[in-house]
Amino acid sequence: MRFRFAAFALLISLAMNDEELFAADDLPPPNYDEDKVGSYLLPDPLTCLDGAPVVDAATWTSKRRPELLELYRREMFGRAPAKPTEMTFEQANIDEQALGGLATRKEVLIRVAPDAPVIRLLLYVPNKRPAGKPAPVFLGMNFDGNHTVDADPGITLVEAWQYDRATKTESQVKPDELKRGASASRWPLKLILERGYAVATFPRSDVEADYEGGWRHGLRGYYLKKSGRTEFAPDDWGAIGAWAWSMSRAIDYLETDASCDAKRVVIHGHSRLGKTSLWCGAEDTRAAIVISNDSGEGGAALARRKFGETTIVLNTRFPHWFCGNFKKYSEKESTLPFDSHELIALSAPRPVYVASATEDQWADPKGEFLATQHALPVYALFGKKQAAVERQPSPETPIGDVVGYHLRTGKHDITEYDWRRYLDFADRHFGR
Ligand code: GCU
């Protein structure tokens, strides 16, 4: 009976088109008409809450940046715990001749406390390194398990929790049901390693399974229990906050690994994980370069532009991503005390690269582009003068020196084209 109901619900949801799905969730349909975006006024990154202008880098760093960070913590991503004091790193499964001798593979078990859920970091370090120097690192989370990033049979299979919207049930997916190398097109390891970069990644579900009740199995649940509470406060971290915080824990490990250059860590993420990398870059100044791939609403796209996904959609479909306070901004984007140009600017003066895709209108490519340009005045404070570009560039025409941007032809994805741009950007900024 239960199975028949589940199959029926699944069939119904598969048969529904986008408009019907929106109606089912009682959500306003998305706008894709540029003429209907309307006018909006962006908050000025260079005006403090008390009205004082930010005229130099010192005022940005000591006053405006901390107040913006505080606003972002309180109203959107939530507050994360301090850096743990009893963290341990356990190296396992080392293969010095992985990927046909191209790299050394390690798996590092990161424990933020002895009884906390374990973050399983997969690391490939190129064996060919000039004068044995430590390698700069591309660090980013993966969606479905370390073993999905490459077919390398040596990667430990990773299980994950998942939720079925149709049947409203959660279950643990056994590792053997998830395919080795299933996401390999998003992780061109050979290309990255041959360019001299290490690759570090861990699965999102090690930190938090990605659905409303997923926190019970992850780090947010662990810390909540430790605090003796059963409910999150309105400014406690959401899943994206927890993912971003865990990226910082991976940087903590990289700082201890002599084969990696922890001063040259490029953090990156696709889509919801791009929202995560932007927030990690804002919070953790050790992220030397920050990359957002198709991060859209809640990431690089300007929230005040009514195009594609909106705040009410984020809050309805992914209520666990942001903190409780963020709920009050559903359909009230103009009352947000910040917008995404400021999320990008929080990484200044460190380089940021934002990428969009032509067929990813849901993520509002134009809104992502505009945010990069509106972040530039903050970079100028640091002497990083990049002239703003008025019109969104054509596909396959990367722009920008310290704040890079490109629009790629194609779907919501991360492809070799994107990766080549990120590698070129990192080479340029690391002087390689
Ligand atoms: C959905 C969601 C987006 C998110 C994307 C993803 O489309 O609406 O906000 O970026 O999933 O993570 O793939």
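One can find the structure itself at the top, above this paragraph.
Predicted, not measured: the structure shown is a model, and the values here were computed from it.

Trainee: So what's going on with the packing of helix α7 (residues 219-226) against helix α8 (residues 239-254)? Which residues, and what values?
Mentor: At their nearest, the axes of α7 and α8 sit 10 Å apart, and the two run at 100° to each other. Compared by their axis directions, α7 and α8 come out roughly perpendicular. Across from Leu219, Arg220 and Tyr223 in α7, the residues of α8 making contact are Ala239, Ala242, Trp245 and Ser246. Tallied by class, the residues present in the contact of α7 with α8 amount to five nonpolar, one polar and one charged.

Trainee: Any chance you could break down the packing of aromatic side chains for me, citing the residues and the numbers?
Mentor: Here the structure, examined in full by the defined rule, presents 23 aromatic pairs. With a centroid separation of 6.2 Å and 70° between ring planes, the pair formed by Trp419 and Tyr422 is classed as edge-to-face. Linking Trp419 with Tyr422, this pair stays in helix α14 (residues 416-430), spanning three residues, or about one helical turn. Across the pair, exposure class does not vary: Trp419 and Tyr422 are buried alike. Ring pairs connect the aromatic residues Tyr72, Phe77, Trp279, Phe322, Phe326, Tyr329 and Phe338, which therefore count as one cluster. The ring of Phe143 is capped by Arg186, whose NZ or CZ atom sits 5.9 Å from the centre of that ring. The lysine or arginine in question, Arg432, covers the ring of Tyr197, its NZ or CZ lying 4.6 Å from the ring centre.

Trainee: So what's going on with the environment of Ser248? Which residues, and what values?
Mentor: For Ser248, the location among the structural elements is in helix α8. Residue classification places Ser248 among the buried positions, given a relative accessible area of 8%. C-alpha of Ser248 to C-alpha of Thr335: the two residues are 87 residues apart in sequence and 30 Å apart in space. Setting aside its immediate chain neighbours within four residues, Ser248 contacts Cys280, Asp284 and Arg286.

Trainee: Quick one: what's the story with the site of the ligand, residue by residue and with numbers?
Mentor: Taken together, Ser271, Arg272, Lys275, Glu309, Leu314, Phe318, Trp321, Trp362 and His412 form the complete shell of residues around the ligand. Side-chain polar atom of Lys275 to an oxygen atom of the ligand: 2.8 Å apart, as the coordinates give it. One of the side-chain N or O atoms of Trp362 is found 2.9 Å from an oxygen atom in the ligand. Summarising the interface, the protein chains cover 83% of the accessible area of the ligand, which totals 320 Å² for the free molecule. Each residue belonging to the shell around the ligand can be placed in one class, and the counts come to four nonpolar, two polar and three charged.

Trainee: A description of the side chain of Ser259 should follow, citing residues and the corresponding values.
Mentor: Mapped onto the fold, Ser259 is located in the loop between α8 and β8 (260-270). Only 2.6 Å separates the side chain of Ser259 from the side chain of Asp257, close enough to count as a polar contact. Sequence-distant contacts of Ser259, defined by excluding residues within four places in its chain, comprise Lys106, Val125, Arg129, Pro134 and Ala135.

Trainee: Outline unusual backbone geometry, supporting the account with residue identities and numerical values.
Mentor: Following Ala348, the chain continues to Pro349 via a peptide bond in cis, the omega torsion being 5°. A positive phi angle is found at Asn93, which is not glycine, with a value near 55°. Tracing the backbone through its elements, the reader meets Asn93 in strand β1 (residues 88-97).

Trainee: Any chance you could break down α14 for me, citing the residues and the numbers?
Mentor: Over its 15 residues, α14 runs 21 Å from end to end, which matches the ideal 21 Å to within 8%, given 1.5 Å per residue. Those residues of α14 lying buried are Asp418, Trp419, Arg421, Tyr422, Leu423, Phe425, Ala426, Asp427 and Phe430. Looking at the buried residues of α14, the elements they touch are β4 (135-139), α5 (189-194), β8, β9 (287-293), β10 (352-357) and β11 (403-408). Count one or two residues on from α14 and you reach Gly431, which has phi positive near 65°.

Calculation notes
- Residues numbered from 1 in each chain as written.
- Predicted model: local features only at pLDDT ≥ 70, side-chain atom pairs only at ≥ 80, totals over all residues.
- Heavy atoms only, no water.
- Axes fitted to C-alpha atoms, helices over the stretch in contact; angles between N-to-C directions.
- Helix = DSSP H or I, 4+ residues; strand = E, 2+ residues; numbered from the N terminus.
- Parallel < 35°, antiparallel > 145°, perpendicular 65-115°, else oblique.
- Contact = heavy atoms within 4.5 Å.
- Nonpolar A, V, L, I, M, F, W, Y, C, P; charged D, E, K, R; others polar.
- Phe/Tyr/Trp six-rings, centres within 6.5 Å; stacked < 30°, edge-to-face > 60°.
- Buried < 20%, exposed > 50% of the residue type's maximum accessible area, 1.4 Å probe, protein only.
- Lys NZ or Arg CZ within 6 Å of the ring centre and 35° of its normal.
- Near = heavy atom within 4 Å.
- Polar contact = N/O pair within 3.5 Å; in protein donor to acceptor, adjacent residues only side chain to side chain.
- Areas by Shrake-Rupley, 256 points an atom, 1.4 Å probe, with all protein chains shown as cover.
- Expected span 1.5 Å × (residues − 1).

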